[in-house]
Amino acid sequence: MTTLRAASPSSEATEPARPTPSPGLDLPALVVGKVSHVRHRPKRYTFVHRHSSWLIDLDAPPRLPLPLRPFAHLSARDHLGGQPDFASLKGAVLDALSGAGIETGGVARVVMLAHARALGFVFDPMTAFWALSHDGTVVGAVVEVHNTFGDRIAYPLRLDADGRGRMDKGLFVSPFNDLQGWYDVRMLLGPERCGVWIRLDRGEGPVLSASVVGDVRAATPRAVARDLLRTPLMPLRVWGLIHVHALRLWRRRLPSYLSLLSAPRETATLDDTKGQR
C-alpha cells in the first residue's frame, strides 16, 4: 500500500523573504532541457539526459487534441495523496504550506512542474509546486519526491529571495543513500527558464547533486507533438534510466541501504496532515 508522507520543515529553514517575482508566465508550457545527476561520494558518478516536463497553472490545466492525449495526460490523482481534481490539488498545496507556517492568504495561483502520463503510465521522481501572489511573487513552494518503491513525500518550503530553501531528508529514495542529511534546494520559475536544483549534504560536503532545468516553451499542439517525437514516453524513459544507473552503481559495489525499506519510519502520513484526505 502506498503511503504519502508529509515532511516537517527543516529547523534550519530560511527566514521569510520576498522572492523575486515571476510575472509573465504564459501557461500551459513545456520545459525542455536536461536532467543531470552527480554523485560526489563514495565514488563519483555522473549522467546527463535530455528531458522535458509540463509547467501548468492548476486553475487552468491543459486539454490537448484527442490524438495527443494518450501520450500526454496530466492527472491530479498522481500527486499529493491522489487528489480528485486540480482544484483539490491546489488546496492540498496550500494546506501543506499553511501546515508549515507559511501564510497563503495572498496566493493567486499555483504552478506545477510535472510529468504527464504516457500510455497510462507516469513516474515523477520530483514534482515542484510554486504558490504565487497576484504580482507573481513566490509565496512558498512544495517539492514532492517519489521513489521507485511506491513511497512519496511532500516538502513545504519557504524560499529566500534567490529561490533557495532547505529541507531535512525524510524519505528513502536511492538504495545507495541512507536517511541522513538534508537537501539544499534552488527553484527557478521564469517566463523563459525553469528549473530545480537539489543537493544532498550530511555536513561533510555534498553527497549528490541533481537538477532538472530547461527552456519554457508554449505548449501548442504542434510543440507538444514535436516534443513527443524528440523525447517519447518520458515517464517510461525516466523509470528505465533510473534502473539502468542503479545497476551500474551496484556493479561498482557502492554500499546499499535496501534494509531501510523494512525499517519503521516516523514521518507522519499526509492523511494525518490537516486539510488532507
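Above this text sits the structure in question.
The structure displayed is predicted, hence computed values, not measured ones.

Conventions we followed
Residues numbered from 1 in each chain as written. Predicted model: local features only at pLDDT ≥ 70, side-chain atom pairs only at ≥ 80, totals over all residues. Heavy atoms only, no water. Buried < 20%, exposed > 50% of the residue type's maximum accessible area, 1.4 Å probe, protein only. Helix = DSSP H or I, 4+ residues; strand = E, 2+ residues; numbered from the N terminus. Pairing = 2+ DSSP bridges. Core = buried A, V, L, I, M, F, W, Y, C linked by side-chain atoms within 4.5 Å. Phe/Tyr/Trp six-rings, centres within 6.5 Å; stacked < 30°, edge-to-face > 60°. Lys NZ or Arg CZ within 6 Å of the ring centre and 35° of its normal.

Asker: What is the right way to read the pairing of strand β4 (residues 107-114) from this model?
Answerer: As a general feature of sheets, a regular strand has side chains that alternate between the two faces. Taken across its 8 residues, β4 has 6 buried, putting it largely inside the fold. As judged from the 4 bridges shared by strand β3 (residues 45-57) and β4, these two strands associate in the antiparallel manner. Counted as the bridge partner of W54 is A114 from β4. Of the strand pairs in this sheet, β4 and strand β5 (residues 126-133) are connected by 6 bridges, and their pairing is antiparallel.

Asker: What should I look at first to understand the nonpolar core in this one?
Answerer: Nonpolar side chains tend toward joint burial in soluble globular proteins. L55, W130, M187 and V196 are the most contacted members of the largest nonpolar core, which has 32 residues in total. Mapped onto this core, the elements with two or more residues apiece are β2 (29-39), β4, β5, β6 (138-146), β7 (152-157), β9 (182-189), β10 (193-201) and β11 (206-218). One finds L58, A76, F86 and A116 within the second-largest nonpolar core, a separate group that totals 31 residues.

Asker: What is the right way to look at the packing of aromatic side chains in this model?
Answerer: A ring pair, where both rings are aromatic, is described by two values, the distance of the centres and the angle of the planes. All chains considered together, the criterion is met by 4 aromatic pairs. Here F121 and W239 contribute two aromatic rings whose centre-to-centre distance is 6.0 Å and whose plane-to-plane angle is 85 degrees, an arrangement assigned as edge-to-face. Of this pair, F121 sits in the loop between β4 and β5 while W239 sits in helix α3 (residues 234-251), and the two are 118 residues apart along the sequence. For F121, a relative accessible area of 27% gives the class partly exposed. Overall, W239 belongs to the partly exposed group, its relative accessible area being 30%. Across the ring face of W197, the terminal group of R186 is positioned such that the distance to the ring centre comes to 4.7 Å.

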